[in-house]
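Listed below, chain by chain, are the residues.
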Amino acid sequence: MNDSHRPWSIPSRPWVMKQTWHDLLFAHWKIDPTIIKPLIPSSLQLDTYDGEAWIGVVPFDMSGIRIKYMPPIPYTSSFPEINVRTYVTYEGKPGVYFFSLDAANLLAVKAARAFFYLPYYNADITVQKEGDKVYYESIRKDSSKPCHFKGWYKPVSEVFFARKGSLEHWLTERYCLYTTHKTSLYRGEIHHQPWKLQNAEGEISLNTMIPLEASPSPDKLPLLHYSDQLDVVLWGLEKLEV
């Protein structure tokens, strides 16, 4: 695997899962760090860009999901997902912290909760593509935490690779996730080639995915980027010393 673009080398141990992500939207809102910091584990440091924190909603479609050395499992190898995230660091490794991940596959949701300790929820998700426009709607099935996203988006520029040091690079080029379980902190390594980004436009008509404390005002427009396709491999969780 080519890892010259990464801030650190890929793990020496074998990866455990492969996925391909399609028609992905990065929708990001700038947020005051003092608002979002209480929402992340105290063992993590909130990552900021020019002193500002960011929260993202990322809808996409997945395919080719399989465990290493195994064929795709029927009915679990492709489904749409949407996640809500912010950006953190630990021991000098910048990564992603997820507030929630909604997926249209109950088995995958249960597996991700059990093996990756991630806050997955089952959802009814519809994705329709008309030309270059993607229509996306997600309704969480868990009635105790009602979350709904509805909107459309499309690319409006040529493909580009984010310049190192730019905001686009800071938001997207992250090669690990962090999560907690009971009192422990875990890191999950991720590998992919640099994102092929495009500037995007769209309309989000409904978005109750973001934690209420961190919800942007309705008149605050997000920064939008689109990516057509990306192959990703993931490693199992590594328990960290805190």
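One can find the structure itself at the top, above this paragraph.
So, here is what we can say about the structure in this document. Being a predicted model, the structure only gives us computed values, none of them experimental.

1. Points about the packing of aromatic side chains
In this structure the tally under the stated criterion is 10 aromatic pairs. Their ring planes at 65 degrees and their centres at 5.4 Å tell us that Tyr87 and Trp170 sit as a pair that is edge-to-face. Residue Tyr87 is found in strand S4 (residues 79–90), and its partner Trp170 is found in helix H3 (residues 167–172); the two are separated by 83 residues along the sequence. A relative accessible area of 14% places Trp170 in the buried class.

2. Here we look at the layout of surface pockets
Approximately 800 Å³ is the volume attributed to the largest pocket. In this structure, the largest pocket is lined by 39 residues; those nearest its centre are Met17, Gln19, Ala112, Phe116 and Tyr120. Here the lining of the largest pocket is built from residues that sort into 29 nonpolar, 6 polar and 4 charged. The space that makes up the second largest pocket amounts to roughly 430 Å³. Trp29, Ile204, Asn207, Pro218 and Lys220 are, among the 18 residues lining the second largest pocket, the residues nearest its centre.

3. As for helix H2 (residues 106–116)
Turning to H2, its buried residues are Ala108, Val109, Ala112 and Phe116. Seen from one end, H2 has its buried residues packed into an arc of 105 degrees, which puts them on one side. Turned more than 90 degrees away from the buried face of H2, the exposed residues are Leu107, Lys110 and Phe115. Close packing links the buried residues of H2 with strand S1 (17–31), S4, strand S5 (93–103), strand S6 (120–130), strand S9 (176–181) and strand S12 (223–240). The N-cap residue of H2 is Asn105: its side-chain oxygen and the backbone nitrogen of Leu107 are 3.2 Å apart. Taken from the residues just after H2, Tyr117 is the one with a positive phi, measuring 55 degrees.

Rules used in this analysis
- Residues numbered from 1 in each chain as written.
- Predicted model: local features only at pLDDT ≥ 70, side-chain atom pairs only at ≥ 80, totals over all residues.
- Heavy atoms only, no water.
- Phe/Tyr/Trp six-rings, centres within 6.5 Å; stacked < 30°, edge-to-face > 60°.
- Helix = DSSP H or I, 4+ residues; strand = E, 2+ residues; numbered from the N terminus.
- Buried < 20%, exposed > 50% of the residue type's maximum accessible area, 1.4 Å probe, protein only.
- 1 Å grid on protein atoms, 1.4 Å probe; cavity = no way out; pocket = protein on both sides within 12 Å on 5 of 7 lines; lining within 4 Å.
- Points joined across faces, edges and corners; volume = space filled by probe spheres on them.
- Nonpolar A, V, L, I, M, F, W, Y, C, P; charged D, E, K, R; others polar.
- Arc of directions from axis to C-beta.
- Contact = heavy atoms within 4.5 Å.
- Polar contact = N/O pair within 3.5 Å; in protein donor to acceptor, adjacent residues only side chain to side chain.

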